[in-house]
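Close look at the chain arrangement
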Protein chains: 2
Amino acid sequence: MTEIKIPKTVLERLPVYLHYLRSLPKDERTNVSSAKIARALGLGEVQVRKDLALVCGKGRPKTGYSYEELKKHLEFRLGCSNNTVAVIVGAGRLGRALLSYEHFSEYGLDIPAAFDLSATKKEELSNGKAVFPMDELESFAKENDVKIGIICVPEKAAQQVADEFIKCGVKAIWNFAPGRISVPEGIRIKNENMAASLAVLSAGL
Amino acid sequence: MTEIKIPKTVLERLPVYLHYLRSLPKDERTNVSSAKIARALGLGEVQVRKDLALVCGKGRPKTGYSYEELKKHLEFRLGCSNNTVAVIVGAGRLGRALLSYEHFSEYGLDIPAAFDLSATKKEELSNGKAVFPMDELESFAKENDVKIGIICVPEKAAQQVADEFIKCGVKAIWNFAPGRISVPEGIRIKNENMAASLAVLSAGL
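Residues numbered from 1 in each chain as written. Chains lettered and ligands numbered in written order. Predicted model: local features only at pLDDT ≥ 70, side-chain atom pairs only at ≥ 80, totals over all residues. Heavy atoms only, no water.

Details of the pairing of strand β8 (residues 172–175) of chain A
Residue and element names in this part refer to chain A. Of the two faces of β8, the one carrying Ala172 and Trp174 and the one carrying Ile173 and Asn175 are both buried. Judged from the 4 bridges that link them, strand β7 (residues 146–151) and β8 form a sheet pairing that is parallel. Looking across to β8, one finds that Ile150 is bridged to Trp174. Traced from β7 through helix α8 (residues 155–167) to β8, the parallel crossover comes out right-handed. Bridging between β8 and strand β9 (residues 188–191) involves 4 bridges; their strand directions are parallel. Looking across to β9, one finds that Trp174 is bridged to Lys190. (Buried < 20%, exposed > 50% of the residue type's maximum accessible area, 1.4 Å probe, protein only. Helix = DSSP H or I, 4+ residues; strand = E, 2+ residues; numbered from the N terminus. Pairing = 2+ DSSP bridges. Right-handed = clockwise from strand over helix to strand, strands pointing away.)

As structure tokens, then:
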């Protein structure tokens, strides 16, 4: 597979392309052109062509890409066959909603557990997942090679949870607490402030 | 207040600035400079200066902006005193988590209700909110001047819910279902694919 570095803005569109390919009816899974994808997704054709060229090289004139090949390259870039393990700290409503959310596995992501300060013993959920007491985080993370930590605690506890995650060896943090968190160089962080997202959508309505 | 149009990428940073200002201790709420904000948030000073100039004009040399004035302009741009009403369709775990999420009000957003196909009568929640049967959406939306519709149903039902929202007069849709939704010209849409976000964060870890 090609190893060209993909800019973040392009990377963010790859799940959209992959989702589109996966949603195509069986009889359309032969060849697929940038033009067709652009039309279906309401994107510019030039942008789609450039994005896909980074992922899968140039398509063939007229026919475009082989469906299977393009899908395989997108899945590779998004790590869909990696089985990356993530865990959640904070088993309130949002933490539990993410724990039950079904679509992560489509991208090779596994969220088997959440941890909560108020949990005193392991609570098994009906979907095979579990909520553990906070003091089991470190051993769980090491045994299960946890790569991503998801923060679903209130803002005032978020930095402490981030520090804990980093001690456990996570490489990336997905933060749902409002406000800024400091992490050491080399640790990825994505802040997901739901209220701010909705505020931006509604600004000037 | 100034009415310069603010680009979307800048708009997306405004909640970060506002959150920072609101989190400052009382004794620092006099003047605040771009340099100080940039340092605290780990952003480039030039970027912060340009962003804030769009919102609040130029700061004064040395002292920067008046805390109150900058906060007021940011709140104005983000519509924090507008009381914009949003409702959710789909009262599963994610829908209920959003319904209970406390931070929306900080941005003038009110999510009083969710609607669900499986609800047969109004269910009052402890926080003063409620889940209603789906067939009450239209009258509720009209009575409460609902501006934003939030889609928390499975993908196959998402387009139908979007169409319903538009019939009810919403101006913007926040879509948590995977996949693409078509909306008429002039209706804002923001797709929030949680699995795709996490996939992008984890790509290449």
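This is not the end of the story, as more comes after the structure.
Observations regarding the environment of Leu41 of chain A
Mapped onto the elements of the fold, Leu41 of chain A is located in helix α3 (residues 34–41). The buried category is assigned to Leu41 of chain A, whose relative accessible area is 9%. Each C-alpha atom of the pair Leu41 of chain A and Glu75 of chain A lies 18 Å from the other, and the pair is 34 residues apart in sequence. Each residue touching Leu41 of chain A, except ones within four places of it in the same chain, is listed here: Val16, Tyr17 and Tyr20 of chain A together with Arg180 of chain B. (Contact = heavy atoms within 4.5 Å.)

A closer look at the packing of aromatic side chains
Residues and elements named next belong to chain A. One pass over the full model with this rule turns up 12 aromatic pairs over all chains. Each ring, one from Phe104 and one from Trp174, has its centre 6.2 Å from the other, and the planes form 85 degrees; the classification is edge-to-face. Taken as a pair, Phe104 in the loop between α6 (93–100) and β4 (109–116) and Trp174 in strand β8 lie far apart in primary sequence, 70 residues in all. Given the relative accessible area of 2%, Phe104 is considered buried. Owing to a relative accessible area of 0%, Trp174 belongs among the buried residues under this scheme. Between Phe115 and Phe132, the ring centres sit 5.4 Å apart and the planes meet at 20 degrees, which makes this aromatic pair stacked. Here Phe132 lies in strand β6 (residues 130–133) and Phe115 lies in strand β4, a separation of 17 residues in the sequence. Residue Phe115 is classed as buried on the basis of its relative accessible area of 0%. Phe132 sits in the buried class, given a relative accessible area of 9%. Members of the aromatic cluster, each reached through a chain of ring pairs, are Tyr101, Phe104, Trp174 and Phe176. The ring centre of Tyr107 lies 5.6 Å from the NZ or CZ of Arg22, which sits over that ring. (Phe/Tyr/Trp six-rings, centres within 6.5 Å; stacked < 30°, edge-to-face > 60°. Lys NZ or Arg CZ within 6 Å of the ring centre and 35° of its normal.)

Digging into the sheet that holds β8 of chain A
All names here are of chain A. On the basis of which strands lie adjacent, the open sheet formed by 7 strands has the order β5-β6-β4-β3-β7-β8-β9 and mixed pairing. This sheet does not close on itself; its edge strands, each paired only once, are β5 (123–124) and β9. The sheet strands contacting α6 are β3 (84–89), β4, β5, β6 and β7, and the helix crosses β4 at an angle near 155 degrees. (Axes fitted to C-alpha atoms, helices over the stretch in contact; angles between N-to-C directions.)

Some words on the environment of Asp27 of chain B
All names here are of chain B. With respect to the element layout, Asp27 can be found in the loop between α2 (14–23) and β1 (31–32). The exposure class of Asp27 is exposed, given its relative accessible area of 65%. Distance in space between the C-alpha atoms of Asp27 and Val161 is 48 Å, their sequence separation being 134 residues.

Here we look at the domain arrangement of chain A
In terms of domains, chain A is made up of domain 1 (8–77) and domain 2 (84–201). On a C-alpha basis, the centroid separation for the pair domain 1 of chain A and domain 2 of chain A is 31 Å. (Domains from an automatic or database assignment.)

Describing the sheet that holds strand β8 (residues 172–175) of chain B
Residues and elements named next belong to chain B. Strand order in this open sheet of 7 strands is β5-β6-β4-β3-β7-β8-β9, and the pairing throughout is mixed. On the outer flanks of this sheet lie β5 (123–124) and β9 (188–191), each paired with one strand and no other. Relative to strand β6 (residues 130–133), β5 is paired through 2 bridges, and the arrangement is antiparallel. Within β6, the residue paired with Glu124 across the bridge is Ala130. Here helix α6 (residues 93–100) sits on the sheet in contact with β3 (84–89), β4 (109–116), β5, β6 and β7 (146–151), set at roughly 155 degrees to β4.

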